[in-house]
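Structure assessment
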Amino acid sequence: MTGHPPPPSPGSVPAPAAAPTAPPAAGAEALPKVLGVLDGVVLSLSNISPTFSIGVGLGIIGASVGVGIPAAFLLGLLPILGIALAYTQLNRREANCGTAYVWVGRAVGPMPGYLIGWVTVVTQVLFLSYAIPLMGQYALLAVDATGLHRVAGVHLADAPVLATMTAGLVLAAGLTALAILGIEVAARFQLVLIVLEFVVLLAVCLWAVVAGDAAPFDPAWFSPTVFSSPSVMAMGILLAVFMYWGWETAFSVTEENADARTSARAGMWSLAAVAGLFLFASVAFQRALTPEELVSNGERGLPYLGELAAGPFGRAVTTVVLLCSIVACVQSVLIGSARQTLAMSRDGVLGAGWAALHPRRRTPHLSTLRIAALAAALALLSAGLGSLQDIIVGAVTSVGILISLYYAFAALACAITFAPEARRDPRMLLVTVLVPVVCGLALLGLGCYMVFSLWTSSEHFAFAADNGRFLTLVPVVILVGGVPAALWAKYGRRAAYFDRDRRTP
């Protein structure tokens, strides 16, 4: 598949003509180089899941910032662009599907690098276990929206947990099989979903911009002055930043790109596309819905707007595209997590089976199956254990704390990697050191602010998904849990990853 032309380069930085690629696992062939820029954009957009983020997330941001949603998205994009710049430079130096896990391990140290890999895999598995029943719920809601309200005596609009879980597991099994068939096949499937999502979403938002009468368009919506206080602005930026999460998927498939520059182009194009979509949708929602309507509808925001635009048909179509968005996101996360564990297996911190490639399809089939099985098992357990479900929901809710941490470490890795060369080149110093470090510190500060906000939002600890102190501790437990795993990998497996001399490229 061919991709879009590249965006202008943010800076000219000396780099190898073709980034060295990590060696394949012992006894296995290299990953097939079949992806173009469009494929990378599609995979990243699927992971970001902008339709679902808009459909259920704008109400959350609106509850915090009122009519400042466009300004929050605009300001939130700035530090993310700095981290994307760091990923671009590091990927030019070493193209590796392990991304930050590899780069941080080389530049900062193997222990923080391993913890980056640990956090990435654990949060992705937890997200998948959360998304599987959610995907099943929206599948049944989509069928209900088309007019079929009961199946085998089950009310689809209010289906029991067993029905939603079964539907979600069936869809997850199909997506796992598709991921194993080949990365290019999966990308083409996701392209169909993305096109459908964008056509419907843009049509609904265009109607809202033209016909909406809740509020006249105001350029102040894009200005920092729209926020009532600095704390409100910080919370809005924080929520917006984490809705951009997922753009780095373009780098997780870097070893499957036909061109060494594909990941950087795909990452930047996906950020440009999703930023434009977020800004347009936020204006559209504010044109058509009052702040009270936006907040009260919450996760039903997009179907509600669809119904305003085209009645029951509009609600049905927007519900279907929300399902498409979740499906695409689940498969993209599954693909990215399998590449992460593949990279960790090559370094010896996981068993050799995680790096095995399918003899015909040349995809990491065992990693894909194992990740899917772990997520499915957690999803099933959470259905019967409310406490486990609280942990999973808490992890997904507060994952922004961990995202800010590993983005900040990626920025630090970029600065350390290029600092010796950048001392002699002012432009390189700006692009590879100063901008990434400033943006990394900004995101780390936002993460710390999130910790403060969550912790102070509750007066006591409770084992519940809506308790701020519980939400603060869940990511801490995930991070600390990686320490014994790292020690086992270092001293039990004697992984070469922890040997600095052997890890030097």
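Since this is a predicted model, take the numbers as computed values, not measurements.

Side note on unusual backbone geometry
Peptide bonds are trans in most cases, and residues, glycine excluded, mostly fall at negative phi. Although it is not a glycine, S49 sits at a positive phi angle of roughly 55 degrees. When you line up the elements, S49 lands in the loop between α1 (37–48) and α2 (50–65). Its relative accessible area of 6% is what places S49 among the buried residues. The residue R494 is not glycine, and still its phi comes out positive at about 50 degrees. One can find R494 in the loop between α17 (468–492) and α18 (500–503).

Some points on the pattern of salt bridges
Taken as a whole and assessed by the stated rule, the structure comprises seven salt bridges. Between E421 and R93 there is a salt bridge whose closest N-O contact spans 2.8 Å. Separated by 328 residues along the polypeptide, E421 in helix α15 (residues 399–422) and R93 in helix α3 (residues 69–93) bring together distant segments of the chain. Residue class for E421 comes out partly exposed when judged on its relative accessible area of 26%. Since its relative accessible area comes to 27%, R93 is described here as partly exposed. The partner of R346 in a salt bridge is E255, and the shortest N-O contact between them spans 2.6 Å. Highlighted residues: R346 in helix α12 (residues 301–346) and E255 in the loop between α9 (249–252) and α10 (262–288), separated in sequence by 91 residues. The pair formed by R346 and E255 is uniform in burial state, with each residue classed as buried.

As for α2
Given 3.6 residues per turn, any residue in an α-helix points the same way as the ones three and four places further on. Counted at 1.5 Å a residue, the expected span for α2 with its 16 residues is 22 Å, but the 19 Å between its end C-alpha atoms falls short. Its axis deflected by about 50 degrees at G57, α2 carries its strongest bend there. With 13 of its 16 residues buried, α2 lies for the most part within the structure.

What to know about α17
Taking 1.5 Å as the rise per residue, α17 with 25 residues should run 36 Å; its terminal C-alpha atoms sit 37 Å apart, in good agreement. Of all the positions in α17, only G468, F470, L471, T472, V474, P475, I478, G482, A485, A486 and A489 are classed as buried. The backbone nitrogen of R469 lies 3.1 Å from a side-chain oxygen of the residue at the head of α17, namely N467. Directly beyond the C-terminal end of α17, a positive phi value near 50 degrees is found at R494.

Thoughts on the nonpolar core
General note: in soluble globular proteins, nonpolar side chains tend to be found buried as a group. In this structure, F73, Y87, Y114 and W247 are the most contacted members of the largest nonpolar core, which totals 149 residues. Of all the elements, α12 adds the most residues to this core, at 17 residues. Those residues within four positions of Y87 in sequence are excluded, and the remaining contacts are T99, A100, W103, W247, E248, F251, Y406, Y407 and A410.

Observations concerning the confidence of the model for the protein chain
In the predicted model, the protein chain carries a mean pLDDT of 87, and 92% of its residues have values of at least 70. Counted against residues more than four places away or in other chains, residues 1–18, with its pLDDT under 50, gives 35 contacts. Low pLDDT (under 50) marks residues 24–28, which in the prediction has seven contacts with non-local residues, meaning those over four places away or in another chain.

Definitions and cut-offs
Residues numbered from 1 in each chain as written. Predicted model: local features only at pLDDT ≥ 70, side-chain atom pairs only at ≥ 80, totals over all residues. Heavy atoms only, no water. Helix = DSSP H or I, 4+ residues; strand = E, 2+ residues; numbered from the N terminus. Buried < 20%, exposed > 50% of the residue type's maximum accessible area, 1.4 Å probe, protein only. Salt bridge = Lys/Arg side-chain N within 4 Å of Asp/Glu carboxyl O. Expected span 1.5 Å × (residues − 1). Bend = angle between axes of the 7 residues up to and from the residue. Polar contact = N/O pair within 3.5 Å; in protein donor to acceptor, adjacent residues only side chain to side chain. Core = buried A, V, L, I, M, F, W, Y, C linked by side-chain atoms within 4.5 Å. Contact = heavy atoms within 4.5 Å. pLDDT = per-residue confidence, 0-100.

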